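# Observations on the model geometry
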Amino acid sequence: MAEYDIAVIGGDKRTAYMAPFFREMGYRVICYKTSRIKGAAVEADGVAETLKQAVDGAGIIVGGIPMEKKGIVHFRELSRHLRRHHKVFGGVIPEAFRQECDERGICCFDYMKDESLAIFNAIATAEGAILEALLHKDTNIHRSRSLVAGYGRCGMALAQKLKGLSAFVTVCSSNPEELARAEAMGMETLLLGLLEGEAGNYEYIYNTIPALAFTEPVLERMQKDALVIDIASGKGGVDFEAAQRLGIEALHCLGLPGKYAGSTSAKRLAEYVRSKL
């Protein structure tokens with residue numbers, strides 16, 4: 001019988017804050033390479049020295065968003081330690097890993113496949129992006145000309161919050177349906193193919209498109225004091241090397257919910273995990 005109920009592995013402040021929430025729910029928790037909270041040790045019943053020790057010690061494995069993190073959690077290594085009785089929770093889990101778990105009778109849950117969690121994550125990401133903008137530029141968002149590239153969950157939440165701060169918001173996309181939805185919400189719209197010619201009109205630029213949209217020709221047309229906040233997953237959608245050469249401040253801001261809303265996000269994630277047990 002496992003000594004612990006839940007193994008919290010890797011992640012950021014969200015996973016760190018999940019540990020005490022799980023303990024409040026009555027679960028015994030072991031942590032492996034989980035971030036500290038404001039310099040304090042993570043609240044847990046045990047600390048694992050290896051991933052194997054953590055996985056062997058509990059039937060429920062809870063990771064971060066994304067779950068795989070260089071030097072901490074690799075899906076190939078995790079797979080070697082999993083057994084049929086395990087339940088795995090994490091974010092941005094590859095389909096191949098999910099299929100493998102299914103074939104082995106292991107329950108695998110991706111936070112980002114749950115629409116309510118994905119929307120909540122988008123809200124926290126949008127708030128974090130605005131805070132990054134305020135921290136890195138000495139002008140008001142109020143009445144600023146702001147561009148939001150992409151109008152999925154994050155783009156939609158971000159555009160609405162910027163509009164609520166009285167920014168002049170333009171939504172840029174290659175998808176006519178996204179542009180129609182943005183226009184219906186009172187936003188100005190711009191077809192992505194026309195971005196290069198219009199790039200110089202904006203002070204704040206937020207990218208949510210996970211593909212190269214802000215190429216060197218686009219960056220060349222921007223205002224020299226423009227600020228680019230890229231919150232797209234993976235490598236983002238900005239040519240960061242070109243931005244540096246051109247003197248454009250471009251930031252790739254990943255994991256914003258963990259950075260600025262760790263406790264709130266952790267509570268929602270912990271409640272989601274409990275609902276599946």
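In what follows, the structure referred to is the one given above.
Here we summarise the structure given alongside this text. If you're wondering where the values come from, they're calculated on a predicted model, not measured in any experiment. (Residues numbered from 1 in each chain as written. Predicted model: local features only at pLDDT ≥ 70, side-chain atom pairs only at ≥ 80, totals over all residues. Heavy atoms only, no water.)

This next bit is on the packing of aromatic side chains. Counted under the stated rule, the structure contains 6 aromatic pairs. Geometrically, the ring pair formed by Phe89 and Phe109 is stacked, given 4.7 Å between the ring centres and 15 degrees between the ring planes. Note that Phe89 is positioned in strand E5 (residues 87–90) and Phe109 in strand E6 (residues 107–110), a separation of 20 residues in sequence. Residue Phe89 is classed as buried on the basis of its relative accessible area of 0%. Both rings, one in Tyr111 and one in Tyr272, keep their centres 6.1 Å apart while their planes meet at 75 degrees; by these two values the pair is edge-to-face. Taken together, the residues span a long stretch of sequence, with Tyr111 in the loop between E6 and helix H5 (115–136) and Tyr272 in helix H12 (residues 262–275) at a distance of 161 residues. For the pair formed by Tyr111 and Tyr272, the shared burial category is buried. Through pairs of rings, three or more aromatic residues link up here, namely Phe89, Phe109, Tyr111 and Tyr272. The ring of Tyr204 has Lys137 lying over it, and the distance from NZ or CZ to the ring centre is 5.8 Å. (Phe/Tyr/Trp six-rings, centres within 6.5 Å; stacked < 30°, edge-to-face > 60°. Helix = DSSP H or I, 4+ residues; strand = E, 2+ residues; numbered from the N terminus. Buried < 20%, exposed > 50% of the residue type's maximum accessible area, 1.4 Å probe, protein only. Lys NZ or Arg CZ within 6 Å of the ring centre and 35° of its normal.)

Remark: H5 packs on helix H6 (residues 153–164), axes separated minimally by 8 Å, with the N-to-C direction vectors making an angle of 45 degrees. Here H5 lies oblique to H6, going by the angle between them. Here H5 and H6 pass one another in a crossing that is right-handed. Where H5 abuts H6, its residues Glu115, Ala118, Ile119, Ala122, Ile123, Thr125, Ala126, Glu127, Ala129 and Ile130 lie against Arg153, Cys154, Ala157, Leu158, Lys161 and Leu162. (Axes fitted to C-alpha atoms, helices over the stretch in contact; angles between N-to-C directions. Parallel < 35°, antiparallel > 145°, perpendicular 65-115°, else oblique. Left-handed = near helix turned anticlockwise from the far one by under 90°. Contact = heavy atoms within 4.5 Å.)

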